[in-house]
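Topology and contacts: notes
The residues making up each chain are set out below.
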Amino acid sequence: AAEPAAATIRSTDRPETDDRGMSAMRVPARRMDAFTWTPAGFADAATWDRSIRDEAARTVRFGRPVTVVMAELHHLDHVADRLGRDVADRVVTETARLLAAEGRTADRLAWLGDAKFGVLLLETEESRARGYVERVRAATDGWLEWAGLSIRLSLGWASPAKGGDVIAAAALAGQRMHDAHRR
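Now for a look at the structure at hand.

Cut-off values and rules
- Residues numbered from 1 in each chain as written.
- Predicted model: local features only at pLDDT ≥ 70, side-chain atom pairs only at ≥ 80, totals over all residues.
- Heavy atoms only, no water.
- Helix = DSSP H or I, 4+ residues; strand = E, 2+ residues; numbered from the N terminus.
- Buried < 20%, exposed > 50% of the residue type's maximum accessible area, 1.4 Å probe, protein only.
- Areas by Shrake-Rupley, 256 points an atom, 1.4 Å probe, with all protein chains shown as cover.
- Salt bridge = Lys/Arg side-chain N within 4 Å of Asp/Glu carboxyl O.
- Expected span 1.5 Å × (residues − 1).
- Pairing = 2+ DSSP bridges.
- Axes fitted to C-alpha atoms, helices over the stretch in contact; angles between N-to-C directions.
- Contact = heavy atoms within 4.5 Å.
- Parallel < 35°, antiparallel > 145°, perpendicular 65-115°, else oblique.
- Left-handed = near helix turned anticlockwise from the far one by under 90°.
- Nonpolar A, V, L, I, M, F, W, Y, C, P; charged D, E, K, R; others polar.

Focus on the overall build of the chain
Looking only at helices and strands, the chain features 5 helices and 7 strands. If you list the helices and strands of the chain from N to C, you get β-β-β-α-β-α-α-β-β-α-β-α. Within the span of the chain, comprising 183 residues, buried residues form 44% of the whole. Carbon and sulfur atoms make up 52% of the accessible area of the chain, which amounts to about 9,600 Å² in all.

Written as structure tokens, this is what we have:
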């Protein structure tokens, strides 16, 4: 792996501002090869798949709760076409930062592609995951609106039934995310 790169994102969490009153925050990104990168602290798609399988085995063995959250910025390609890839990358990076900021250090985060994320909320039942989802939704909607963008983050989440399949819960969370986008 190459030396970590850094991506600039806009946030209201730091007092340093640019000429438009936007705060600038540098967040390291992890370059995995010449074509893909993930925000620092986020797993890649292959690691996500392993984490889902590992969590499925743990859930069957110990019966502990887990919730899978899927999130996607639909139509990010429109932002890239209209405002440039740099702006679209900043939107992805800020969304990643908000997903991490609203969660716990025990949660497992993955960047699954251009504008798609997965989150494993360990020791969390589906009904309790709603708090995380609502915090993420409010934070991202507020930031996207503030940035003048009309795209939104679609979210879906699901937990397996007691002793159920985490892989099936991940598929259901993905379906719910797509359903939320269509609404």
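Regarding the pattern of salt bridges
According to the stated counting rule, one finds 14 salt bridges in the structure shown. For E55, the salt bridge goes to R108, with nearest N and O atoms at 3.5 Å. Of this pair, E55 sits in helix α1 (residues 45-62) while R108 is found in strand β5 (residues 108-113), placing the two residues 53 residues apart along the sequence. On the basis of relative accessibility, which here comes to 34%, the residue R108 falls in the partly exposed class.

Observations concerning helix α4 (residues 126-146)
Between the first and last C-alpha of α4 there are 30 Å, a value that for 21 residues agrees with the 30 Å anticipated at 1.5 Å per step. Inspection of α4 places A129, Y132, V133, V136, T140, W143 and L144 among the buried residues, and these make up the whole buried set.

Some thoughts on the environment of R53
Within the fold, R53 resides in helix α1. C-alpha separation for the pair R53 and I167, spaced 114 residues apart in sequence, amounts to 7.0 Å.

So, the pairing of strand β7 (residues 153-158)
Burial within β7 is extensive, with 6 of its 6 residues counted as buried. Covered by surrounding structure in β7 are L153, L155 and W157 together with S154, G156 and A158, the residues of both alternating faces. Relative to β7, strand β4 (residues 66-73) runs antiparallel, the two being bridged by 6 bridges. Counted as the bridge partner of L73 is L153 from β7.

Describing the sheet that holds β4
Where strands meet in a sheet, backbone hydrogen bonds hold them as pairs that are either parallel or antiparallel. Judged by pairing direction, the sheet is antiparallel, and its 4 strands sit side by side in the order β5-β6-β4-β7 without closing on themselves. Of all strands in the sheet, those bounded by a partner on one side alone are β5 and β7. The mean inter-strand angle of the sheet, taken between neighbouring strand axes irrespective of direction, is 20°. Bridge count for β4 against strand β6 (residues 116-122) is 7 bridges, and the pairing is antiparallel. Following the sheet pairing, E72 is matched in β6 by K116. Packed on one face of the sheet, α1 meets β4, β5 and β6 and runs near 25° to β6.

Side note on the packing of α1 against helix α5 (residues 166-182)
The N-to-C vectors of α1 and α5 enclose an angle of 125°; their axes lie 8 Å apart at closest approach. When the axis of α1 is compared with that of α5, the two are oblique. Every residue of α5 that contacts α1 at I52, R53, E55, A56 and T59 is listed here: V166, I167 and A170.

As for the packing of helix α3 (residues 85-101) against α4
In the contact formed by α3 and α4, the axes pass within 9 Å of each other and the chain directions differ by 150°. What the angle tells us is that α3 and α4 run roughly antiparallel. With respect to the hand of their crossing, α3 and α4 are arranged in right-handed fashion. Mapping the contact onto sequence places R90, V91, E94, T95, L98 and L99 in α3 and Y132, V136, A139, T140, W143 and L144 in α4. Grouping the amino acids of the contact of α3 with α4 by side-chain chemistry returns 8 nonpolar, 2 polar and 2 charged.

Nothing here speaks to function; it is all geometry.
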